[in-house]
Amino acid sequence: MEVQGRFKMIITKNENGNHIVISVEGHITADNASELNDVLAALDYNDLDLTIDFSKLSYISSAGLRVLLIARRNLPEGRMRIINVSDLVKSIFDMTGFSMMIPIYGEFEMPENVDSSGMSSVPVNMSYVGLLQYYVGRCPDKPLVYFGNDSYSWEDLERCSAYLAGELSNAGIGFGTHVGIISKNSPNWIIAFLAIERLGAIAALVGFGLTAEEMIIHSKVGDITHLCVGDIPVSSDREEFIQAVQDSEGMIRFVYDIRSDIDFREAAKKAGSGKPAQRDIPDADAPALIQFTSGTSGKPKAILYSSYDRISSCEVVARLIKANENDRICLFLPMNHSFGFERGLTMSLLHNIPLYLTKSRFDLEVINTVEKNECTILDSVPAKIIS
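> Before we go on, may I ask you to explain the packing of aromatic side chains in this structure?
For any pair of aromatic rings, the description consists of the separation of the ring centres together with the inter-plane angle of the planes. Here the structure, examined in full by the defined rule, presents 13 aromatic pairs. Ring geometry for Y163 against F264: centres 6.2 Å apart, planes inclined by 45°, an arrangement best described as tilted. Highlighted residues: Y163 in helix α5 (residues 154-170) and F264 in helix α9 (residues 264-271), separated in sequence by 101 residues. By relative accessible area, which is 2% here, F264 ends up buried. Ring pairs connect the aromatic residues Y128, W189, F193 and F341, which therefore count as one cluster. Above the face of the Y134 ring, R138 is positioned so that its terminal group lies 3.6 Å from the ring centre. Looking at R265, its charged tip hangs above the ring of Y152, at a distance of 3.9 Å from the centre.

Dropping the structure here:
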């Protein structure tokens, strides 16, 4: 197909089973990028293996980059690559960060292995529940989350989140409900998050150190009507906290207990194997979670993310550090924190990396956990180390 205009673009498609090669010649500009988008959008992405050949491409604009990103989002990891890229075009990919999201190969350099990073071919266009069920089908008994002397396998997380989804559904939580999670790190924090997404609800991640008054403010900002309360600081009177947030003029009308000493595995076992409460596996682009930031005003602001927003961002970091399932993550940053959630929990779920949860401060326990379990990934921020 030839596209005329100020700059000419020629698109050629070659098919060999499920492997398709799209060759582009000339310039991809704001004026003609829609034509490339039409060609890519018309492909059958079911089991597609896509190669884009830029051996005759001289230039690509930001509009063209957006077209490539849309195609990348429709494919699992390792099923799309761009080959024969000139130094000039490669410099554009490098400057915009696209080299971290899509495998890029230089002129006439065909890779021996499609996934040259050596990372597992895990789809980044899945929801968190989609990732859970992806691994349940492949390694259900592999321990993933470690907490004290206990561990939770993929199958444990599946059964527990299905059970808790049923409990939350009975409390009136459903599609679009905003459900807060306030707790220190624990397996039950993760189980609650997965249970909320199973229902198509939106998890609002709040700091475990909030006072009742601060929680009420967050509930108004984030439209939080239900709250999962786990381990909160010992300085707080738990019952007073719960009563205060429910009796106030805030939004919260229901509170559910997710303290770490509750074993949802036993609860799920006693409940039997009834049909779990779950909608269809949530779409990766659907709203999934809210995180809060104070910005420059000191007042909380709610930011709404899809699963794809956080998972694709995590994948960029994973590629930079070459993370894989042979790593081990020690996580002391709270999971409501952007780094704790993305570089801890999300990276663990995305790449099947064992996750060791510790107290939410940097202390001797963290150092001992890293040493004992030979952890290879430890994320932090300066304030957490200094404090």
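> Please explain the nonpolar core as it appears in this structure.
Nonpolar side chains in soluble globular proteins tend to be buried together. L157, L168, I181, W189, I190, F193 and M347 are the most contacted members of the largest nonpolar core, which has 64 residues in total. At eight residues, the largest contribution of residues to this core is made by helix α6 (residues 187-198).

> How do you make sense of helix α11 (residues 338-351) when you look at a structure like this?
Because the α-helix completes a turn every 3.6 residues, residues three or four places apart line up on one side. The terminal C-alpha atoms of α11 lie 18 Å apart, and with 14 residues this matches the ideal 20 Å at 1.5 Å per residue to within 8%. All buried positions along α11 are accounted for by G340, F341, E342, G344, L345, T346, M347, S348, L349, L350 and H351. Where α11 terminates, the next one or two residues include N352, which has phi positive at roughly 60°.

> Would you mind showing me how to read the sheet that holds strand β16 (residues 355-357) here?
Within the open sheet, the five strands sit side by side as β8-β7-β16-β15-β17. Their pairing is mixed. Of all the strands in the sheet, the pair left with one neighbour each is β8 (150-153) and β17 (377-378). Pairing of strand β7 (residues 143-147) with β16 involves three bridges; the strand directions are parallel. If you follow Y146 over to β16, its bridge partner there is Y356.

> Before we go on, may I ask you to explain unusual backbone geometry in this structure?
Glycine aside, residues mostly have negative phi, and peptide bonds are mostly found in the trans state. Even without a glycine there, the phi angle at N84 is positive, about 55°. Its location among the elements puts N84 in strand β5 (residues 80-85). For N84, a relative accessible area of 8% gives the class buried. In this model, D223 sits at a positive phi of 55°, which is unusual for a non-glycine residue. On the secondary structure map, D223 appears in the loop between α7 (212-222) and β11 (226-229).

Cut-offs used in this document
- Residues numbered from 1 in each chain as written.
- Predicted model: local features only at pLDDT ≥ 70, side-chain atom pairs only at ≥ 80, totals over all residues.
- Heavy atoms only, no water.
- Phe/Tyr/Trp six-rings, centres within 6.5 Å; stacked < 30°, edge-to-face > 60°.
- Helix = DSSP H or I, 4+ residues; strand = E, 2+ residues; numbered from the N terminus.
- Buried < 20%, exposed > 50% of the residue type's maximum accessible area, 1.4 Å probe, protein only.
- Lys NZ or Arg CZ within 6 Å of the ring centre and 35° of its normal.
- Core = buried A, V, L, I, M, F, W, Y, C linked by side-chain atoms within 4.5 Å.
- Expected span 1.5 Å × (residues − 1).
- Pairing = 2+ DSSP bridges.

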